[in-house]
Amino acid sequence: MQKIKELYRGKAKTVFTTENPNLLILEFRNDTSALDGERIEQFDRKGMINNKFNHFIMTKLADAGIPTQLEKLLSDTECLVKRLDMVPVECVIRNRAAGSLVRRIGVEEGIELSPPLFDMFLKNDALHDPMVNESYCETFGWVSKEHLATMKSLTYQVNNVLSKLFLDAGLILVDFKLEFGIFDGKVYLGDEFSPDGCRLWDVNTLEKMDKDRFRQSLGGVIEAYEEVAKRLGVSL
Ligand code: C5P
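Residues numbered from 1 in each chain as written. Predicted model: local features only at pLDDT ≥ 70, side-chain atom pairs only at ≥ 80, totals over all residues.

Within an unreviewed UniProt entry, the label attached to the protein reads Phosphoribosylaminoimidazole-succinocarboxamide synthase, and the organism entered is Thorsellia kenyensis. Taken directly from UniProt, the Sequence similarities (unreviewed entry) text for the protein runs: "Belongs to the SAICAR synthetase family." (UniProt positions renumbered as here; feature names shortened; annotations may be inferred.)

See the structure below:
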């Protein structure tokens, strides 16, 4: 499958059309962004690591019955996916307090959240991804009530599958973000799942092993991503 035309250049991935109108190619770049794209740095090997990591996780999710857009791995940095009509809302689940929740509510980082929290954010860098809720989705017509209910249920299912998968690898899945889209009237998990879009802490030391190493300038970003991949058994 060949790339035909660049459709969209995101902060870490570029999306290309193919000869099949229903399929796209995602290319994972080495770019890493923070502050809604205001800070960007390149890390050697990152595109490859995230592409293979995402393929590994999406395959596990598909095995667990979750519909994903992933069709196949094409190269070190590219994969073939279904062309979804993306819902402009990010779904977040939090098992422990961190990041924007700590800033917003003032709770202590690391406290366990039981039951896990479900948040939604509008995808809009210029507005810094404002928090929204079900009512906004309905009023502004971003997604139907029925599809939103499916997205929420799938996000919880992903949490169940991945919390266990990561814990077996000695990692706490603190929180994560998912994006969904519609294909043929059905909801599919889109975008990517990688250490760029989740928080992972070592179960013993609580060391941060995700993009917070970049956001908080802790160093060792790629080393942490590689360690997570190694623990899960992702072949790089
Ligand atoms: O920033 P916040 O604490 O709300 O992020 C929650 C989770 O969602 C984190 O794992 C973060 O990496 C992810 N996220 C993301 N993309 C965004 C916002 C958050 O991947 N635009």
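Having seen the model, we can carry on.
Draft legend 1. Here's a closer look at the overall build of the protein. Check the secondary structure of the protein and you find six helices and 13 strands. At 17 Å, the protein has a C-alpha radius of gyration in line with the 18 Å of a compact globule built from 236 residues. Taken along its principal axes, the extent of the C-alpha atoms in the protein is 50 × 45 × 35 Å. Within the protein, buried positions represent 35% of all 236 residues. At a minimum sequence separation of 6, the contacts of the protein that also span at least 24 residues come to 54%. (Helix = DSSP H or I, 4+ residues; strand = E, 2+ residues; numbered from the N terminus. Rg over C-alpha atoms; globule rule 2.2 N^0.38 Å. Buried ≥ 20, exposed ≤ 12 C-beta atoms within 10 Å, placed from the backbone. Contact = placed C-beta atoms within 7 Å.)

Draft legend 2. Summary view of the site of the ligand. In the vicinity of the ligand there are 14 residues, among which Gly99, Ser100, Asp175, Lys177 and Gly197 approach most closely. Counting residues per element, the ones that place at least two in the shell around the ligand are strand E8 (85–96), helix H2 (99–105), strand E11 (171–183) and strand E13 (198–202). Looking at the shell around the ligand, its residues break down into five nonpolar, three polar and six charged. (Near = placed C-beta within 6 Å. Nonpolar A, V, L, I, M, F, W, Y, C, P; charged D, E, K, R; others polar.)

Draft legend 3. Layout of the environment of lysine 211. For lysine 211, the location among the structural elements is in the loop between E13 and helix H5 (212–215). The exposure class assigned to lysine 211 is buried, which follows from the 22 C-beta atoms found within 10 Å. Along the chain, lysine 211 and tyrosine 8 lie 203 residues apart, while their C-alpha atoms are 23 Å from each other. Excluding anything up to four places from it in sequence, lysine 211 contacts Pro195 and Asp196.

Draft legend 4. The arrangement of the nonpolar core in detail. Ranked by internal contacts, the top residues of the largest apolar core, which has 51 residues, are Met151, Leu171, Ile172, Leu173, Phe180, Leu200 and Val228. In contact with leucine 200, not counting residues within four places along its chain, are Phe166, Leu171, Ile172, Leu173, Val174, Pro195, Met209, Asp210 and Val228. (Core = buried A, V, L, I, M, F, W, Y, C linked by C-beta atoms within 7 Å.)

Draft legend 5. View of the environment of glutamate 6. Counting through the fold element by element, glutamate 6 comes out in strand E1 (residues 6–9). Its 11 C-beta neighbours within 10 Å are what place glutamate 6 among the exposed residues. Along the primary structure glutamate 6 and threonine 17 are separated by 11 residues, whereas in three dimensions their C-alpha atoms are 6.5 Å apart. The contact partners of glutamate 6, leaving out residues within four places of it in the chain, are Thr14 and Phe16.

Draft legend 6. Highlighting helix H4 (residues 145–168). Along its 24 residues, H4 runs 35 Å from first to last C-alpha, staying within 8% of the 34 Å computed at 1.5 Å per residue. Along H4, the residues classified as buried are Leu148, Met151, Leu154, Thr155, Val158, Leu162 and Phe166. One or two steps after H4, the chain reaches glycine 170, where phi turns positive at roughly 75°. (Expected span 1.5 Å × (residues − 1).)

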